[in-house]
Amino acid sequence: FIIFLYKVIFLLLKDLEIQHNPVMVPEILKYLDVVSGGRYIDCTLGEGGHSKSILDASNPGGEVLGIDADHEAIEVSKSRLEKYQDRVIFVNDNFRNLRKIAMRRNFIPAHGILLDLGVSSLQLNIETRGFSFMRKSPLDMRFSFNQKLTADQVVNTFQENEIADILYHFGDERRARKIAKIIVENRPIKHSNELAEIIKKKIYISNHKINPATKTFQALRIYINEELSALSEVLEQSLEIIGIGGRLAVISYHSIEDRIVKNYFRRESKYCICLPNVIKCECNHEPKLKIITKKPISPSSNEIISNRRSRSAKLRVIERIL
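Residues numbered from 1 in each chain as written. Predicted model: local features only at pLDDT ≥ 70, side-chain atom pairs only at ≥ 80, totals over all residues. Heavy atoms only, no water.

*Asks:* Can you tell me about the side chain of Thr 150, naming the residues and giving the values?
*Replies:* Mapped onto the elements of the fold, Thr 150 is located in the loop between helix 6 (121-125) and helix 7 (151-157). Beyond its immediate chain neighbours, meaning those up to four positions away, Thr 150 contacts Leu 139, Asp 140, Arg 142 and Ile 224. (Helix = DSSP H or I, 4+ residues; strand = E, 2+ residues; numbered from the N terminus. Contact = heavy atoms within 4.5 Å.)

*Asks:* Pulling in residues and values, what's your account of the pairing of strand 5 (residues 242-252)?
*Replies:* Across the 11 residues that make up strand 5, a large majority, nine, are buried. Bridge analysis of strand 4 (residues 110-116) against strand 5 gives six bridges, and the strand direction is parallel. Across the sheet, the residue bridging to Ile 113 is Leu 248, located in strand 5. (Buried < 20%, exposed > 50% of the residue type's maximum accessible area, 1.4 Å probe, protein only. Pairing = 2+ DSSP bridges.)

*Asks:* Explain the packing of helix 8 (residues 160-171) against helix 11 (residues 214-224) residue by residue, including any values.
*Replies:* With their axes 8 Å apart at the nearest point, helix 8 and helix 11 run at an angle of 90 degrees to one another. Taken as axis vectors, helix 8 and helix 11 run roughly perpendicular relative to one another. Contacts between helix 8 and helix 11 involve Ile 166, Leu 167, Phe 170 and Gly 171 from the first element and Lys 215, Thr 216, Ala 219, Ile 222 and Tyr 223 from the second. (Axes fitted to C-alpha atoms, helices over the stretch in contact; angles between N-to-C directions. Parallel < 35°, antiparallel > 145°, perpendicular 65-115°, else oblique.)

*Asks:* Explain the pattern of salt bridges residue by residue, including any values.
*Replies:* The final tally for this structure, using the stated rule, is 20 salt bridges. Among the ionic pairs, Lys 78 bridges to Glu 75, the shortest N-O distance being 4.0 Å. Residue Lys 78 and its partner Glu 75 are located together in helix 4 (residues 71-80), separated by three residues, close to a single helical turn. We classify Lys 78 as partly exposed; its relative accessible area is 36%. Look at Glu 75 and you get buried, because its relative accessible area is 17%. Ionic pairing is found between Arg 96 and Glu 233, a salt bridge with its closest N-O pair at 2.7 Å. Highlighted residues: Arg 96 in the loop between strand 3 (88-92) and helix 5 (98-104) and Glu 233 in helix 12 (residues 227-241), separated in sequence by 137 residues. Residue class for Glu 233 comes out partly exposed when judged on its relative accessible area of 33%. Through salt bridges with shared partners, one network takes in Glu 236, Arg 267, Glu 268 and Lys 288. (Salt bridge = Lys/Arg side-chain N within 4 Å of Asp/Glu carboxyl O.)

Bear in mind that shape data such as this cannot, by itself, settle questions of function.
Quick look at the structure:
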């Protein structure tokens, strides 16, 4: 019954034309250097858009290991990728466990790894977990129901200064203290659209195309799902799994995420990572990777017009050399 239900959801997505449009597909295929018979890991499977493109481009014989913490995304992608079932492996897990997953599935070495750090259209459009401020959904925001902490607990039980710190450190929100005060004054808040409206009434921004609650929702989601620590962990593990000459591509949508990726790539591409005040190198560090994209790649203007959610995407790519 569950499988049937998700097949129905997938068909509804197609009918309503809200199926996820994967970001920068031509660029991903180009910079991952997808080849026939290659083995690729999609750490953020979502609705399977990127994986479908990789499977098509790597035919014949190409394989994809698809990972997602969201069980709903796994079921929808299984329906979408049904015709490729002999070439794709689905794993419902957090990508911070990449090493264990790849070892267990005998998927080492891989030709390439992809991380798309955005929220899928499935989660935003038909979800009931509060990722979107456009719907009356419970304040949940967990990618997996195995996680304990919810956005409801943060919003309705955390101290004002704790909420402010979360908004500032995980959302780059300059008005973190003001928004935290607004949240505490309007408790209890039970639904995502209610939280968004409370912030919208009190916070003014000059760009009317951007909802003033955007960074608040982003910060809560990142905090709830421990996304920044998971990102740091998967970056470290990726270089153990990609073969020499293999590539890692990361699409980020948030300045903090992009900074983590950029700094990691820079550090692992250097011969020396000693502190600036060290006169003679003591670290004996050897570069493990070569940076392929000197500057982040952005979506084309045509893609941004057709898929507005892609506008903040930044793609960075490296190649393993050691």
